[in-house]
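Okay, here's what each chain looks like letter by letter:
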Amino acid sequence: MSTNATLLLVNLVYLAITLGIGYVAYRRTTAAADDYFLGGRTARTFVLFMALFGTNVTPFVLLGIPGISYHAGIGEFGRNAAIIALGIPLTFYLIGYPAYVAARAIGAITPAELYRERFGSPAVGLVLFLAYFVYTLPYMVTSVLGVGIAVDVLTGGALSLAVGAALILIITIAYTSLGGMRATMWTNVFQGTVFLTFIVLLFAIVARDHGGLAAATAAVQAHDPSLLLPGDRPQYQLGAFGSWGLAISLTVIGFPHIFVRLFTAQGETALKNVCRLYPIILLVLWLPAVLLGVWGAAEFPGLVGKASDRVFPLLVQRHVGPALQGVALAGVMAAVMSTLDAQALTLSSMLSRDVIRRYAPRLLAGERREVLIGRVFMIVLALIVFAVVLAEPASIFDIAKFSFSGYVTLVPTLYLGLRWRRFTAAGAIASIVGGNVALVLAILGWLPGLGLMPVAHGLVAAIALGVLVSLWTKPAPARCSDRVLGPIERAFGEGR
Amino acid sequence: MVLSRRAHARIFAVACVLLTLLHFDVWNNHRALPLTFGWMPVDLAYHVGWIVVATALVFYMTARVWPTPPAPEPSAETSTRANGE
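Quick caveat, the model's predicted, so the values are computed rather than measured.

### Structural notes on the overall build of chain B
Right, on to step 1. Per the secondary structure count, chain B includes 3 helices and 0 strands.
Right, on to step 2. Shown N-terminal to C-terminal, the secondary structure of chain B runs as helices and strands in the order α-α-α.
Right, on to step 3. Buried residues in chain B amount to 35% of all 85 residues.
Right, on to step 4. Relative to all contacts within chain B whose residues are 6 or more apart in sequence, the contacts with residues 24 or more apart total 59%.

### Here's the deal with the environment of Asp152(A)
Residue and element names in this part refer to chain A.
Right, on to step 1. Take Asp-152: it is sitting in helix H7 (residues 122–154).
Right, on to step 2. The sequence separation of Asp-152 and Gly-293 amounts to 141 residues, and the corresponding C-alpha distance is 19 Å.
Right, on to step 3. Beyond its immediate sequence surroundings of up to four residues, Asp-152 is in contact with Gly-157, Leu-159, Ser-160, Leu-161 and Arg-310.

### What about the pattern of salt bridges?
Where side chains of opposite charge bring their charged atoms close, a pairing between them can arise.
Right, on to step 1. The full count for this structure, using the stated rule, is 9 salt bridges over all chains.
Right, on to step 2. Beyond isolated ion pairs, a larger network of salt bridges with shared partners links Arg116(A), Glu117(A), Asp354(A) and Arg483(A).

### Quick notes on a nonpolar patch on the surface
Right, on to step 1. On the surface, a nonpolar cluster with roughly 370 Å² of combined accessible area is contributed by Leu372(A), Val376(A), Val380(A), Ile384(A) and Val388(A).
Right, on to step 2. Along the chain, Val380(A) turns up in helix H15 (residues 367–391).

### Section: the interface of chain A and chain B
One widely used convention gives an interface's size as the accessible area the parts lose upon coming together.
Right, on to step 1. Contacts between chain A and chain B engage 40 residues on the former and 38 residues on the latter.
Right, on to step 2. Interface area for chain A against chain B, summed over the two sides, is near 3500 Å², with a carbon-plus-sulfur share of 76%.
Right, on to step 3. For the pair chain A and chain B, the interface holds 5 residue pairs in polar contact (both at pLDDT 80 or more).
Right, on to step 4. Taken together, the elements giving at least two residues each to the side of chain A that touches chain B come down to helix H5 (75–106), helix H9 (213–223), helix H10 (238–254), helix H12 (268–299) and helix H20 (478–491) of chain A.
Right, on to step 5. For the side of chain A that touches chain B, the element with the most residues is H5(A), which contributes 13 residues.
Right, on to step 6. Of the residues assigned to the side of chain A that touches chain B, the class counts are 29 nonpolar, 6 polar and 5 charged.

### Some remarks on helix H4 (residues 59–72) of chain A
Residues and elements named next belong to chain A.
Right, on to step 1. Maximal helix bending in H4 amounts to about 30°, located at Ile-65; proline Pro-66 follows within four positions.
Right, on to step 2. With respect to burial, H4 is a largely interior element, 13 of its 14 residues being buried.
Right, on to step 3. Gly-73 lies just past H4 and shows a positive phi near 85°.

### What about the packing of H7(A) against helix H14 (residues 322–359) of chain A?
Residues and elements named next belong to chain A.
Right, on to step 1. Where H7 meets H14, the axes come as close as 9 Å, and the angle between the chain directions of the two elements is 160°. Between H7 and H14, the interaxial angle falls into the category roughly antiparallel. Regarding H7 and H14, the two cross each other, and that crossing is left-handed.
Right, on to step 2. When the residues that make up the contact of H7 with H14 are grouped by side-chain class, the tally is 24 nonpolar, 5 polar and 1 charged.

### Some thoughts on the nonpolar core
Residue and element names in this part refer to chain A.
Right, on to step 1. Ranked by size, the top nonpolar core spans 191 residues in total, and within it Phe-53, Phe-92, Leu-114, Leu-285 and Trp-286 carry the most contacts.
Right, on to step 2. A total of 21 residues in this core trace back to one element, the largest contributor, which is helix H8 (residues 161–210).
Right, on to step 3. Not counting residues up to four positions away in its chain, the partners in contact with Leu-114 are Ala-99, Ala-102, Ala-103, Ile-106, Ala-108, Phe-259, Phe-263, Leu-418 and Val-484.

### Side note on H10(A)
Right, on to step 1. Taking 1.5 Å per residue as the helical rise, H10(A) with its 17 residues ought to reach 24 Å, and the 24 Å between its terminal C-alpha atoms agrees with that figure.
Right, on to step 2. In terms of residue burial, H10(A) counts as a mostly covered element, since 13 of its 17 residues are buried.

### Quick notes on the packing of helix H6 (residues 111–119) of chain A against H14(A)
The relative placement of two packed helices is expressed as an angle between their axes plus a distance between the axes.
Residues and elements named next belong to chain A.
Right, on to step 1. Where H6 contacts H14, the axes come no closer than 8 Å and their chain directions differ by 45°. By the angle between their directions, the pair H6 and H14 is classed as oblique. Seen from H6, the contacting residues are Pro-111, Ala-112, Glu-113, Arg-116 and Glu-117; seen from H14, they are Met-350, Arg-353, Asp-354 and Arg-358.
Right, on to step 2. Of the residues in the contact of H6 with H14, the class split is 3 nonpolar, no polar and 6 charged.

What counts as what
Think of each chain on its own: its residues are numbered from 1, step by step along the sequence as written. Here every chain gets a letter starting at A, and every ligand a number starting at 1, in the order they are written. The predicted origin of the model limits local features to residues at a pLDDT of at least 70 and limits the giving and counting of side-chain atom pairs to 80 or more, whereas totals for whole chains, interfaces and linings rest on all residues. The side-chain figures draw on all heavy atoms in the structure; neither hydrogens nor water molecules are used. Strands are runs of DSSP state E lasting at least two residues, helices are runs of H or I lasting at least four, and both sets are numbered from the N terminus onward. Three labels apply to residues, based on accessible area from a 1.4 Å probe with only protein chains included: buried if under 20% of the type maximum, exposed if over 50%, partly exposed otherwise in between. Note on definitions: a residue-residue contact is assigned when non-hydrogen atoms from the two residues lie within 4.5 Å. In what follows, salt bridge is the name for a side-chain nitrogen of Lys or Arg lying within 4 Å of a carboxyl oxygen of Asp or Glu. Put simply, a patch holds well-exposed residues, over 30% relative accessible area, that have no salt bridge, with like charges counted together within 9 Å and Val, Leu, Ile, Met, Phe, Trp or Tyr side chains within 5 Å. Under the convention used here, a 1.4 Å probe and the Shrake-Rupley method define accessible areas, while residue burial counts only the protein chains that appear. Buried area is understood as the total, over both parts, of accessible area removed when two parts are fitted together, assessed with a 1.4 Å probe. Polar contacts, as counted here, are pairs of nitrogen or oxygen atoms within 3.5 Å of one another; within protein the pair requires one atom able to donate a hydrogen and one able to accept it, and residues that are adjacent in sequence qualify only if both atoms are side-chain atoms. When residues are grouped by polarity, Ala, Val, Leu, Ile, Met, Phe, Trp, Tyr, Cys and Pro land in nonpolar, Asp, Glu, Lys and Arg in charged, and all others, Gly among them, in polar. What we call the bend at a residue is the angle made by axes fitted to the seven residues finishing there and the seven residues starting there. The axes are straight lines fitted to the C-alpha atoms, using for helices just the contacting stretch, and the angles between their N-to-C directions are given from 0 to 180°. An angle below 35 degrees is read as roughly parallel, one above 145 as roughly antiparallel, one from 65 to 115 as roughly perpendicular, and any other as oblique. Each crossing gets its hand from how the near helix is turned against the far one by less than a right angle, where anticlockwise is left-handed and clockwise is right-handed. For our purposes a nonpolar core is just a set of buried Ala, Val, Leu, Ile, Met, Phe, Trp, Tyr and Cys residues, chained together by side-chain atoms within 4.5 Å. A helix's residues, less one, multiplied by 1.5 Å, set its expected span.

This is how it looks when you write it as structure tokens:
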């Protein structure tokens, strides 16, 4: 059997299993919005963790991190992985847990709905939806682009980037639109297992082929010893290192597709266990991702710029046989699908509940229609993503960097909205809009850099505007605040 | 001595600040050697160790800082059932 035929066979098996899981979930899902969009809020530790982790991990880690480590060396581990091992659990506790408590108390299904109810302001829900849409779209592009690259390299160009991208979008939208949240969470367990197992396996195989870990390090030292230390590269200078750390630790709670998954937890114990597992599994995933990129620099010298995103599939091609190459492709697809499905589902739920229900309620005659509109929106979203992927505008890391920075500007609203009674709807809108304006101005170089990355400007503006405008404007009626903040304050033992 | 949740929260906050400061290991920026376990460059080994400490801190947070929600008051229906009625 030829390599391409083996690749195809392995991936057909993978896709069949994924669709099978999606079908079983579909059979168990009712047309009720709470069940379709949140899986009935019954996720326990293992499923919740795998759903969050699977959603969190994208080709940014599997292809983007080896790609950037190829040029920047082992410093990428400290710059990215270390700080999120603390940052993600911390934000899950500070923002995710209160959101979970409040969403459960008022029956909110989307993040925009939760904050709309908190402020008694549909405008806040709309602004949040727009911001989420603007930053999720490019993030979806990174995922699909990653699959396209992997398919293109591993099949030696027999299947093009465009074919790979189209295939992944069709399958993902199919099972997501049918089975909703339950389908995405169940498939994420399988998908997370596939990509985590594969990257660890590949790490072991490549190390063995080098003659061991010490020999692999020696090969890098002989090729370019600067890859074994952070050095004077601009991203490791204090200001840039700190602002990127801020961005990458805060961004995850800013992802709407992660935020909403916290609503699905069956109880606090599941949320606490997720926080405990996160740093351990991050270590298992990121160490291989960075080292494979660094080892790849010694093995495949000469990849320039975004071409280094191809180092992961190149290593796969050289070090493993056709069957495992098939698993590698399935692993990349798994990482993509487990994120793409959650992103599509979350955006579609916000569109139907927070935009159409508010501004064109005639379109929504009952929950069944709401789910249908969500499904149609997913198809439109997939078409837009496909069009942008074909343009291949920048490297995976650079596109993700833009999205991550945007999500961070939402974090002050997400936190203050749940923990500060004086925070107002006008403050929230000023924070989101002003934070994003500052971010764009900094990206364009119209604000003084001060050695920081643009995300720092966006975050400072979002905090300052949120606080100042809130102090200057009238707070939401007590009945709105009490309804959302009351359960949170009781959970934290701060009863009023 | 039994500390309150609020006291644990303060300890946790201070530990988080210290650990975050230790994340900025500029002193490792220009050295790769000695290799830990014969293969891990200094900065990489440092941040692996950092994650181990962060993991311990997260366990502390979930055990001592994260509030345990008050048990829901038994509803009339539950009380009746518990009484075997």
